[in-house]
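Residues per chain are reported as follows:
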Amino acid sequence: MVVSVHDNTSSPMVLKLRKHSLGCRDGEIAPEISKELREWVQQIPAEESMMGKTVMIVDDSSFMRTILKDILNRHFAELDIIEADGETAALLQLKTKSPHLVLLDVIMNASEIEGVKLLEQIHDQYPLINVLMITSVGHASIKEQCKSLGAKGYIQKPFEVEEITSELKKYL
């Protein structure tokens, strides 16, 4: 479990924690810390760890894969990220790896159906994998088709970083 201290003040509790946590392994509390400080630390809200979770990015654009990978690395440092540049590469990866979430483009290799076709295959063969569509296609009919085929969400490019991170938190 990862603990984040969101208190940026120089309160005595924060200063004690900083002083005594030096040299401790992650998650440990030095024995010298007072009972009061231990109780305070136990009340700090924990963030869900992404360790051991995998996201697959499927997009024919290496530029877009890099952008998404950078966002994921910055906001979810413990995620394992795998990439595929299209349907064939994604299906090969899925045979050996089991991502918790797939970020999938609709239009790949100049085909409007490749992403939708891959979504259908993922949903049929790997029904427990969540899929988020990330695409520049904003047609209502494509959105509805993707949702009917099992997509959990549909993020339209250009997107805000917060939109990506909030959707990932829902499905990881």
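Above this note sits the structure.
Read on for a plain summary of the structure. (Residues numbered from 1 in each chain as written. Predicted model: local features only at pLDDT ≥ 70, side-chain atom pairs only at ≥ 80, totals over all residues. Heavy atoms only, no water.)

Looking at the nonpolar core
Turning to step 1, where the next piece is worked out: Judged by nonpolar contacts, the single largest core of 24 residues is most densely connected at Val58, Leu104, Met133 and Cys146.
Turning to step 2, where the next piece is worked out: Every element with two or more residues in this core is listed here: β3 (54-58), β4 (80-84), α4 (87-96), β5 (101-104), α5 (114-125), β6 (130-135) and α6 (140-148).
Turning to step 3, where the next piece is worked out: If you tally residues by element for this core, the top one is α5, at four residues.
Turning to step 4, where the next piece is worked out: Those residues in contact with Val58 that sit more than four places away from it in its chain are Ala84, Gly86, Ala90, Val102, Leu103, Leu104, Asp105, Met108 and Leu118.
Turning to step 5, where the next piece is worked out: Listed in part, the 19 residues of the second largest apolar core include Leu72, Leu101, Leu132 and Ile155. (Core = buried A, V, L, I, M, F, W, Y, C linked by side-chain atoms within 4.5 Å. Buried < 20%, exposed > 50% of the residue type's maximum accessible area, 1.4 Å probe, protein only. Helix = DSSP H or I, 4+ residues; strand = E, 2+ residues; numbered from the N terminus. Contact = heavy atoms within 4.5 Å.)

Quick look at the packing of helix α3 (residues 62-75) against helix α7 (residues 161-171)
Turning to step 1, where the next piece is worked out: At a minimum axis distance of 11 Å, the contact between α3 and α7 shows a crossing angle of 65 degrees. α7 is crossed by α3, and the crossing has right-handed handedness. For the pair α3 and α7, the contacting residues are Leu68, Ile71, Leu72 and His75 in the first and Val161, Ile164, Thr165 and Leu168 in the second.
Turning to step 2, where the next piece is worked out: Within the contact of α3 with α7, the residues separate by chemical class into six nonpolar, two polar and no charged. (Axes fitted to C-alpha atoms, helices over the stretch in contact; angles between N-to-C directions. Left-handed = near helix turned anticlockwise from the far one by under 90°. Nonpolar A, V, L, I, M, F, W, Y, C, P; charged D, E, K, R; others polar.)

Description of the sheet that holds β5
Turning to step 1, where the next piece is worked out: Taken in spatial order, the five strands make up an open sheet running β4-β3-β5-β6-β7, and their pairing is parallel. Every interior strand has two partners, whereas the edge strands, β4 and β7 (153-156), have only one. Each strand axis lies, on average, 20 degrees off the axis of its neighbour in the sheet, ignoring direction.
Turning to step 2, where the next piece is worked out: Sheet topology places β5 next to β6; four bridges connect them, and they run parallel. Across the sheet, residue Leu101 finds its bridge partner in β6, namely Asn130. (Pairing = 2+ DSSP bridges.)

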